[in-house]
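Spelled out from the first residue to the last, the chains are:
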Amino acid sequence: MKRFLTMVFLLLAVPLAAQERDIQAVIEGQREAFQDRDVGQAFSYASPMIKGMFGTSQNFGMMVRQGYPMVWDNAETLFLDLRDEGGLLWQRVQVRDSSGGFHMLDYQMIETENGWQINGVRILPAPDLGV
């Protein structure tokens, strides 16, 4: 029985690991596109809903520059947990901006016919650090 449960766990873990890797590759691809100032490429990682909201890559780029400066001028990302919240997948990411400040973001990811795409990003409040 123990061997059977181990086998089931391994069979379930492989697709989850591949899914997580694919999701992280999408976020990293968009991050690199922003670093290169290739707004068209960065826009290609957005979901149909996001594309519909902003219409053009220029509008999208302006929104990111103004609303998510830590994404626009990012220096480093650290992928944390991938979670399912009510059927929605959220990838938590720690971003270090170009000034050295750290920010926590949640990327909502959806799977489309074109693969995984970013369906929204929320900035999380900084954790309280006690002394």
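In what follows, the accompanying structure is described. Worth saying up front: this structure is predicted, and the values here are computed from it rather than measured. (Residues numbered from 1 in each chain as written. Predicted model: local features only at pLDDT ≥ 70, side-chain atom pairs only at ≥ 80, totals over all residues. Heavy atoms only, no water.)

1. Here we look at the side chain of Ser47
Thought 1: Relative to the helices and strands, Ser47 resides in the loop between α2 (39–44) and α3 (48–54).
Thought 2: Contacts of Ser47, omitting those with residues within four sequence positions, involve Ile110, Gln117, Ile118 and Asn119. (Helix = DSSP H or I, 4+ residues; strand = E, 2+ residues; numbered from the N terminus. Contact = heavy atoms within 4.5 Å.)

2. A closer look at the pattern of salt bridges
Thought 1: Summed over all chains, the structure comprises 9 salt bridges.
Thought 2: Linking Glu85 and Arg122 is a salt bridge whose minimum nitrogen-to-oxygen distance equals 3.4 Å. Taken together, the positions of Glu85 in strand β1 (residues 74–85) and Arg122 in strand β4 (residues 115–124) put the pair 37 residues apart, joining distant regions of the chain.
Thought 3: Glu85 gets classed as partly exposed once you look at its relative accessible area, which sits at 34%.
Thought 4: One salt bridge in this structure joins Arg92 and Asp106, with 2.9 Å as the shortest N-O distance. Here Asp106 lies in strand β3 (residues 102–112) and Arg92 lies in strand β2 (residues 88–97), a separation of 14 residues in the sequence.
Thought 5: You can call Arg92 partly exposed: its relative accessible area is 22%. (Salt bridge = Lys/Arg side-chain N within 4 Å of Asp/Glu carboxyl O. Buried < 20%, exposed > 50% of the residue type's maximum accessible area, 1.4 Å probe, protein only.)

3. A short note on the packing of aromatic side chains
Thought 1: This structure, assessed with the given rule, holds 4 aromatic pairs.
Thought 2: Measuring from ring centre to ring centre gives 5.6 Å for Phe34 and Trp72, while their planes differ by 55 degrees; the resulting arrangement is tilted. Within this pair, whereas Phe34 is found in helix α1 (residues 2–35), its partner Trp72 is found in helix α5 (residues 69–72), the two being separated by 38 residues in sequence. Accessibility classification places Phe34 together with Trp72 in one group, the buried group.
Thought 3: Relative to Phe60, the ring of Phe54 lies with its centre 6.0 Å away and its plane at 70 degrees, an arrangement referred to as edge-to-face. Across the pair, Phe60 and Phe54 agree in class, each one buried.
Thought 4: Three or more aromatic residues joined by ring pairs form one cluster here, namely Phe34, Phe43, Phe54, Phe60 and Trp72.
Thought 5: The ring of Trp72 is capped by Arg65, whose NZ or CZ atom sits 4.9 Å from the centre of that ring. (Phe/Tyr/Trp six-rings, centres within 6.5 Å; stacked < 30°, edge-to-face > 60°. Lys NZ or Arg CZ within 6 Å of the ring centre and 35° of its normal.)

4. Section: the nonpolar core
Thought 1: Residues Ile27, Phe34, Phe60, Val71, Tyr107, Met109 and Ile118 are the most contacted members of the largest nonpolar core, which totals 25 residues.
Thought 2: Of all the secondary structure elements, the ones that give two or more residues to this core are α1, α2, α3, α4 (57–67), α5, β2, β3 and β4.
Thought 3: Looking at which element gives the most residues to this core, the answer is α1, with 5 residues. (Core = buried A, V, L, I, M, F, W, Y, C linked by side-chain atoms within 4.5 Å.)

5. Some remarks on the pairing of β4
As a general feature of sheets, a regular strand has side chains that alternate between the two faces.
Thought 1: Relative to β4, β3 runs antiparallel, the two being bridged by 9 bridges. Looking at β4, one finds that Met109 is bridged to Ile118.
Thought 2: Hairpin connection of β3 to β4: 2 residues between the antiparallel strands. (Pairing = 2+ DSSP bridges.)

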